[in-house]
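# Reading the structure
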Amino acid sequence: MSGTGRAVAGTAAASAVSAVTGKEMAGKEMAGKEMTGKEGAGPVRPRVVRARDERGDAVVVWCLLIAMMLLPLGGVSIDLWHGIAVQRELQSAAEDAAVAGASGIDIGEYRQSGCITLDPLQALPLAEANIAAQTGLGPLAGTDIVVSYDRRTISVRLQEDVRLTLLSWVEGSKPLVVVATASSGPEGSVSGSGCA
């Protein structure tokens, strides 16, 4: 090689070396910036990758377990309150029917002896008509209306089978049986001989 060729080759080699050195220098400057953050801010702690924290998973599991325990409790409260509401409606209907039936007095006996007693032929239809006219009652599973032997009181017994909602998963298709009973008698003075 001639001197000129060596100078060209040396220049090419020198530029290749300077290119490598320039890249290394740029990498060192970048590394220095990563380690110091902002220029002149001081060193930054290296980022530490930790194992995943599983405390949040335990909270989710506990919440699911509590929800599973509260669902049957909610079912009990919903179904029992529904049963209590039906029992109140039945009790009110039974009392109204008994009072309506108690107005069916035996007028013939009252005129004859002065005693106020019930006439079963009037009292029973009055009580039945009152039950039929009541709104808000569900389908009744049983209705018993009885005038006492001494014809002084009328008793009304109503029964309704309440269908369970959430508790039906536990109890199956068995209904909650709700019963209401009420009695009433004619009001007024009992006069005359032989009236007890």
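Residues numbered from 1 in each chain as written. Predicted model: local features only at pLDDT ≥ 70, side-chain atom pairs only at ≥ 80, totals over all residues. Heavy atoms only, no water.

### Quick word on the overall build of the chain
For the chain, the count of helices and strands is 5 helices and 3 strands. Along the chain, from the amino end to the carboxyl end, the secondary structure elements read α-α-α-α-β-β-α-β. In the chain, which comprises 196 residues, the share counted as buried stands at 20%. Counting contacts in the chain only where the partners sit at least 6 residues apart, residues at least 24 apart contribute 59% of the total. When the accessible surface of the chain is split by element, carbon and sulfur atoms take 62% of a total near 14,000 Å². (Helix = DSSP H or I, 4+ residues; strand = E, 2+ residues; numbered from the N terminus. Buried < 20%, exposed > 50% of the residue type's maximum accessible area, 1.4 Å probe, protein only. Contact = heavy atoms within 4.5 Å. Areas by Shrake-Rupley, 256 points an atom, 1.4 Å probe, with all protein chains shown as cover.)

### Points about unusual backbone geometry
Glycine aside, residues mostly have negative phi angles, and peptide bonds mostly take the trans form. With phi around 60°, Arg 151 is a residue other than glycine that occupies positive phi space. Within the secondary structure, Arg 151 sits in the loop between strand S1 (140-147) and strand S2 (154-162). Looking at Arg 151, the relative accessible area reads 24%, which means it is partly exposed.

### Quick notes on a nonpolar patch on the surface
A grouping of Val 61, Trp 62, Leu 65, Ile 66, Met 68, Leu 70 and Leu 73 is seen on the molecular surface, where their side chains present a nonpolar patch of about 750 Å² in accessible area. Following the sequence through the fold, Val 61 ends up in helix H2 (residues 55-102). Here Val 61 falls in the partly exposed class, since its relative accessible area comes to 46%. (Patch = residues over 30% accessible without salt bridge, like charges linked within 9 Å, V, L, I, M, F, W, Y side chains within 5 Å. Salt bridge = Lys/Arg side-chain N within 4 Å of Asp/Glu carboxyl O.)

### So, the side chain of Thr 117
With respect to the helices and strands, the residue Thr 117 is situated in the loop between helix H3 (107-113) and helix H4 (120-133). Engagement of the side chain of Thr 117 in a polar contact is seen with the side chain of Arg 151, the distance being 3.3 Å. If sequence neighbours within four positions are ignored, Thr 117 has contacts with Gly 104, Ile 105, Asp 106, Glu 109, Asp 150, Arg 151 and Arg 152. (Polar contact = N/O pair within 3.5 Å; in protein donor to acceptor, adjacent residues only side chain to side chain.)

### A few points about the confidence of the model for the chain
The predicted model of the chain has a mean per-residue pLDDT of 77, with 69% of residues at 70 or higher. This model gives residues 7-23 a pLDDT under 50, and the stretch forms 0 contacts once residues within four places in sequence are excluded. Predicted confidence is poor over residues 31-35, with pLDDT under 50, and the contacts of this stretch with residues over four places away or in other chains come to 5 contacts. (pLDDT = per-residue confidence, 0-100.)

### What to know about the pattern of salt bridges
By the definition in use, this model includes 3 salt bridges. Its salt-bridge partner being Arg 151, residue Asp 106 comes within 3.1 Å of it at the nearest N-O pair. Here Asp 106 is found in the loop between H2 and H3, whereas its partner Arg 151 is found in the loop between S1 and S2, with 45 residues between them in sequence. A salt bridge links Arg 151 to Glu 109; the nearest nitrogen and oxygen atoms lie 2.3 Å apart. On the criterion of sequence distance, the pair formed by Arg 151 in the loop between S1 and S2 and Glu 109 in helix H3 is long-range, its members being 42 residues apart. Owing to a relative accessible area of 25%, Glu 109 belongs among the partly exposed residues under this scheme.

### Some remarks on H4
Between its terminal C-alpha atoms H4 stretches 20 Å, which fits the 20 Å expected from 14 residues at 1.5 Å a residue. Every buried residue of H4 is accounted for by Ala 123, Ala 127 and Ile 131. Each buried residue of H4 sits inside an arc of 65° when the element is viewed along its axis, so together they form one side. When the buried face of H4 is taken as reference, the exposed residues oriented beyond 90 degrees from it are Leu 121, Ala 132 and Ala 133. (Expected span 1.5 Å × (residues − 1). Arc of directions from axis to C-beta.)

### Overview of the nonpolar core
Counting 20 residues, the largest nonpolar core has Leu 90, Ala 94, Ile 131, Ile 145, Ile 154, Val 156 and Leu 158 as its most contacted members. The set of elements that each furnish at least two residues to this core consists of H2, H4, S1, S2 and strand S3 (176-184). Per-element tally for this core: the top contributor is H2, with 7 residues. Not counting the four nearest positions on each side in its chain, Ile 131 is found in contact with Ala 97, Leu 137, Leu 140, Thr 143, Ile 145, Val 156 and Leu 158. (Core = buried A, V, L, I, M, F, W, Y, C linked by side-chain atoms within 4.5 Å.)

### Looking at the sheet that holds S3
Pairing is antiparallel in the open sheet, where 3 strands are placed in the order S1-S2-S3. If you trace the sheet from one side to the other, it starts and ends with S1 and S3, each paired once. Here the strands of the sheet are splayed against their neighbours by 10° on average, with no regard to which way each runs. Where S2 lies against S3, 9 bridges are found, and the strand directions are antiparallel. Bridging across to S3, Val 162 finds its partner in Leu 176. Together, S1 and S2 form the strand contacts of H4, whose direction differs from that of S1 by roughly 155°. (Pairing = 2+ DSSP bridges. Axes fitted to C-alpha atoms, helices over the stretch in contact; angles between N-to-C directions.)

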